[in-house]
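Commentary on secondary and tertiary structure
Here are the chains, one letter per residue:
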Amino acid sequence: GEDVEQSLFLSVREGDSSVINCTYTDSSSTYLYWYKQEPGAGLQLLTYIFSNMDMKQDQRLTVLLNKKDKHLSLRIADTQTGDSAIYFCAESMSSGSARQLTFGSGTQLTVLP
Amino acid sequence: DTGVSQNPRHKITKRGQNVTFRCDPISEHNRLYWYRQTLGQGPEFLTYFQNEAQLEKSRLLSDRFSAERPKGSFSTLEIQRTEQGDSAMYLCASSSTGAEAFFGQGTRLTVV
């Protein structure tokens, strides 16, 4: 079956880098995503990576994909207090039209001053 | 604002009542998804529309739940005879042919 796992909590100091990790089980995943959720709000798409890539960089965000180990990570450089939120990893197994996502339980990132 | 819009943002209802939520996707998106998120968990897929056709339904979507997208634009999610276990955030997302799915702010349902 499908399962996406993340550690529950991460604390970092402002200005440091944050690394949030995720493992997934379905090797047929086509896209892997990172979403951010602030309290009481919906999900904000941060970035995504196609399964045939191993790295993607977008400003302060770097996504690394190790397909052999089914491991995905999100690195946030120069973490700011505004980055405090819950970060969800998600995978999409659907090829073709649907983008049905399976989410992890989220990692609560706390940025300390 | 051209993002995904959901109404209402909050709904409190008594157990046994029916509720209906609305989602307006990004205008050029032909695909629409409903998810449910309970406290401390990630969203779980409920159902998917391509244009007006409902193409996928999760086992989570019991027969008390019905979703429609009559003209391929906005969608409604109705829950009949609500139960306390239905209390959750209901999220709508939309996408086009690309990989990106964009979420709305959600409707928080509390069943008392």
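Above this text is the structure in question.
Residues numbered from 1 in each chain as written. Chains lettered and ligands numbered in written order. Predicted model: local features only at pLDDT ≥ 70, side-chain atom pairs only at ≥ 80, totals over all residues. Heavy atoms only, no water.

Considerations on the pattern of salt bridges
Residue and element names in this part refer to chain A. Taken as a whole and assessed by the stated rule, the structure comprises five salt bridges over all chains. Where D83 meets R60, a salt bridge forms, and the shortest distance between an N and an O atom there is 3.0 Å. Here D83, found in the loop between β8 (71-76) and β9 (85-92), pairs with R60, found in the loop between β6 (55-58) and β7 (61-66); they are 23 residues apart in sequence, far enough to count as distant. Its relative accessible area of 31% is what places R60 among the partly exposed residues. (Salt bridge = Lys/Arg side-chain N within 4 Å of Asp/Glu carboxyl O. Helix = DSSP H or I, 4+ residues; strand = E, 2+ residues; numbered from the N terminus. Buried < 20%, exposed > 50% of the residue type's maximum accessible area, 1.4 Å probe, protein only.)

Thoughts on the nonpolar core
All names here are of chain A. Core analysis: the biggest nonpolar cluster contains 20 residues, and W34, L72, L74 and Y87 have the highest contact counts within it. Looking at this core, the elements with two or more residues in it are β3 (18-24), β4 (31-37), β5 (43-50), β7, β8, β9 and β11 (107-112). In this view, Y87 contacts Q6, I20, Y35, K36, L46, L74, I76, G106, T107 and L109; residues no more than four positions away in its chain are not counted. (Core = buried A, V, L, I, M, F, W, Y, C linked by side-chain atoms within 4.5 Å. Contact = heavy atoms within 4.5 Å.)

Brief notes about the sheet that holds strand β8 (residues 75-79) of chain B
Residues and elements named next belong to chain B. The sheet built from four strands is open, its strands ordered β1-β3-β8-β7 with antiparallel pairing. Each of the sheet's edge strands pairs with one partner strand only, and the pair in question is β1 (5-7) and β7 (65-68). The sheet shows a mean angle of 15° between the axes of neighbouring strands, taken without regard to direction. (Pairing = 2+ DSSP bridges. Axes fitted to C-alpha atoms, helices over the stretch in contact; angles between N-to-C directions.)

Re the environment of Y31 of chain A
Mapping Y31 of chain A onto the fold places it in strand β4. Residue class for Y31 of chain A comes out buried when judged on its relative accessible area of 17%.

Details of unusual backbone geometry
All names here are of chain B. With an omega of -10°, the peptide bond between N7 and P8 qualifies as cis. With respect to the helices and strands, the residue P8 is situated in the loop between β1 and β2 (10-13). A positive phi angle, near 55°, is found at N51, a position not held by glycine. With respect to the helices and strands, the residue N51 is situated in the loop between β5 (44-50) and β6 (53-57).

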